[in-house]
Amino acid sequence: MIYSFLGWALESAYVSASNKTWTNRGFISGPLCPIYGTGATLVIVSLTPFKNNLLLMFLGGVFIATVVEYVIALLLEKIFHATWWDYSQMRFQLQGRICLRRSLEWGALTVVMMHLIQPPIQRFVAWIPRAGGEFVGVLLLMYLMADASVTIMKIFQLKEKIARLEEAGLGLCEKMETINLFEAKKELLDYLEGLPIAEAMNNLKTRLEEQNGQLMKLRTEERLRFEFFLSEMKDKLEKRERILKKNTLTERRIAKAFPRLYFKNYNEAFATLKEELLKKKKNK
């Protein structure tokens, strides 16, 4: 738990400095980063016998931390069908999940941890009464499990929300394709999506009238068809806006903490949602 907290503090400080604003980097909402706790535990158990051999300790840290990072990245991709970090733009990387530079940093951090951080932590833990330490440990473990469960549930809800947003966007495109009034449907659709619904509908109606003359001069069945089209477009735009505007603190935190996060099947829809989430966070 101690290393989970220290890992969270390290990650959050680094990302906050990069973003020039406070960023909670953890996967869960609380101040814990379990991947660091897992890696640190494996390093301590495996490399304590080699504490006096800096080279072996460094190489062991590189190997253990890299394996942990790769496995966690793979599990997150399989569970959520999303990529949480991506090293594909860096040299000597593997499938975007790990890279040489980060692995070397893990090795250096292992040496620092084992020689400078672990000794005082070991003394501190030894000073804590056994019964009290076990009680606090159980409470923290229960908190971690509860926080992780809520976060996982929220991420699945986010994924479902992105799917609905993608469906709404496809519905708009399909409606545009059913008529032959626009030379560039996608460009007009992008323009309309960036406007408030009332203004978007006024612009759409104006464009219809420009292309076909005054709406009132059309035959009754054509006028009804256009009015029905406008009504459907309004419904779809309102549905899309409702999805975009209704978001949670967890969604905003994740969008900010993981800038390289993308959902494989809904990346365009998530990019639209993330823009809205980050915009709302800046306005607060």
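If you're wondering where the values come from, they're calculated on a predicted model, not measured in any experiment.

Conventions we followed
Residues numbered from 1 in each chain as written. Predicted model: local features only at pLDDT ≥ 70, side-chain atom pairs only at ≥ 80, totals over all residues. Heavy atoms only, no water. Helix = DSSP H or I, 4+ residues; strand = E, 2+ residues; numbered from the N terminus. Buried < 20%, exposed > 50% of the residue type's maximum accessible area, 1.4 Å probe, protein only. Patch = residues over 30% accessible without salt bridge, like charges linked within 9 Å, V, L, I, M, F, W, Y side chains within 5 Å. Areas by Shrake-Rupley, 256 points an atom, 1.4 Å probe, with all protein chains shown as cover. Salt bridge = Lys/Arg side-chain N within 4 Å of Asp/Glu carboxyl O. Expected span 1.5 Å × (residues − 1). Phe/Tyr/Trp six-rings, centres within 6.5 Å; stacked < 30°, edge-to-face > 60°. Core = buried A, V, L, I, M, F, W, Y, C linked by side-chain atoms within 4.5 Å. Contact = heavy atoms within 4.5 Å. Axes fitted to C-alpha atoms, helices over the stretch in contact; angles between N-to-C directions. Parallel < 35°, antiparallel > 145°, perpendicular 65-115°, else oblique. Left-handed = near helix turned anticlockwise from the far one by under 90°. Nonpolar A, V, L, I, M, F, W, Y, C, P; charged D, E, K, R; others polar. 1 Å grid on protein atoms, 1.4 Å probe; cavity = no way out; pocket = protein on both sides within 12 Å on 5 of 7 lines; lining within 4 Å. Points joined across faces, edges and corners; volume = space filled by probe spheres on them.

Asker: Sorry, what's going on with the environment of Leu59 here?
Answerer: Within the fold, Leu59 resides in helix H3 (residues 54-80). Along the primary structure Leu59 and Thr110 are separated by 51 residues, whereas in three dimensions their C-alpha atoms are 9.2 Å apart.

Asker: Which parts of the structure should I look at to understand helix H9 (residues 249-257)?
Answerer: Note on helix geometry: an α-helix contains 3.6 residues per turn, so any two residues three or four positions apart are oriented the same way. Taken across its nine residues, H9 has eight buried, putting it largely inside the fold. Along H9, the residues classified as buried are Thr250, Glu251, Arg252, Arg253, Ile254, Ala255, Lys256 and Ala257.

Asker: I keep staring at a nonpolar patch on the surface and nothing clicks. Help me out?
Answerer: A surface patch of nonpolar side chains, about 840 Å² in accessible area, is lined by Met1, Phe135, Val136, Val138, Leu139, Leu140, Leu141, Met142 and Met145. Take Phe135: it is sitting in helix H5 (residues 130-177).

Asker: I keep staring at helix H1 (residues 2-19) and nothing clicks. Help me out?
Answerer: Between its first and last C-alpha atoms H1 spans 25 Å; for 18 residues at 1.5 Å apiece the expected length is 26 Å, and the two agree. Among all positions of H1, only Tyr3, Ser4, Gly7, Trp8, Glu11, Ser12, Val15 and Ser16 are buried. Backbone geometry just after H1 places Lys20 at a positive phi near 60°.

Asker: Help me understand the packing of aromatic side chains in this model?
Answerer: Where two aromatic rings form a pair, the distance of their centres and the angle of their planes describe that pair. In the structure shown here, the tally under the stated rule is six aromatic pairs. Ring centres of Phe80 and Trp84 lie 5.8 Å apart, and the angle between their planes is 65°; on these two criteria the pair is classed as edge-to-face. Per residue, the accessibility class of Phe80 equals that of Trp84, and both read buried. One aromatic cluster is present, formed by Phe5, Trp8 and Trp22 through successive ring pairs.

Asker: What is the right way to look at the nonpolar core in this model?
Answerer: The nonpolar side chains of soluble globular proteins are, as a tendency, buried together. Among the nonpolar cores identified, the biggest contains 26 residues, and Phe27, Phe80, Trp84, Ile162, Leu261 and Phe263 are the most heavily contacted of them. Here this core gets five residues from one element, more than from any other, and that element is H5. Excluding residues that lie within four positions of it along the chain, Phe80 makes contacts with Phe27, Ile152, Ile155, Phe156, Lys159 and Phe263. Core analysis: the next-biggest nonpolar cluster, separate from the first, contains 10 residues, Val43, Met57, Val68 and Met113 among them.

Asker: How should I be thinking about the packing of H1 against helix H4 (residues 100-127) in this particular structure?
Answerer: When two helices pack together, their arrangement is given by the angle between the helix axes and the distance between those axes. Interhelical geometry of H1 versus H4 gives an angle of 130° and a closest axis separation of 12 Å. Comparing their axes, H4 and H1 come out oblique. Every pair of crossing elements has a handedness; the one defined by H1 and H4 is right-handed. Facing H1, whose interface residues are Ile2, Tyr3, Leu6, Leu10 and Glu11, H4 presents Trp106, Leu109, Met113, Ile117, Gln118, Ile121, Phe124 and Val125. Each residue belonging to the contact of H1 with H4 can be placed in one class, and the counts come to 11 nonpolar, one polar and one charged.

Asker: So what exactly am I meant to see when it comes to the layout of surface pockets here?
Answerer: Empty space among the atoms can be located by rolling a probe the size of a water molecule over them. Its volume calculated, the largest pocket comes out at about 1,500 Å³. Looking at the largest pocket, it is lined by 50 residues, and the ones nearest its centre are Glu11, Arg25, Ile35, Tyr36 and Trp106. When residues of the lining of the largest pocket are traced back to their parent elements, those giving at least two are H1, helix H2 (34-47), H3, H4 and H5. When residues in the lining of the largest pocket are grouped by element, the largest group, nine residues, is from H1. Here the lining of the largest pocket is composed, by residue class, of 34 nonpolar, eight polar and eight charged. In this structure, the second largest pocket encloses a volume near 570 Å³. Sorting the residues of the lining of the second largest pocket by element identifies H1, H4 and H5 as the ones contributing at least two each.

Asker: Hey, could you run me through empty space enclosed by the protein in this one?
Answerer: A complete count under the given rule lists one cavity of 30 Å³ or more for this structure. Around the largest cavity, the lining residues are Ala73, Leu76, Glu77, Thr83, Trp84 and Trp85. Broken down by element, the lining of the largest cavity gets its largest block of residues, three residues, from H3. Its residues placed into classes, the lining of the largest cavity shows four nonpolar, one polar and one charged.

Asker: I would appreciate a short explanation of the packing of H2 against H4 in the present structure.
Answerer: Direction vectors running N to C along H2 and H4 enclose 70°, while the axes themselves pass 11 Å from each other. Put simply, H2 runs roughly perpendicular to H4. For the pair H2 and H4, contact is made by Tyr36, Ala40, Val43, Ile44 and Leu47 and by Trp106, Thr110, Met113, Met114 and Gln118, respectively. Tallied by class, residues from the contact of H2 with H4 come to eight nonpolar, two polar and no charged.

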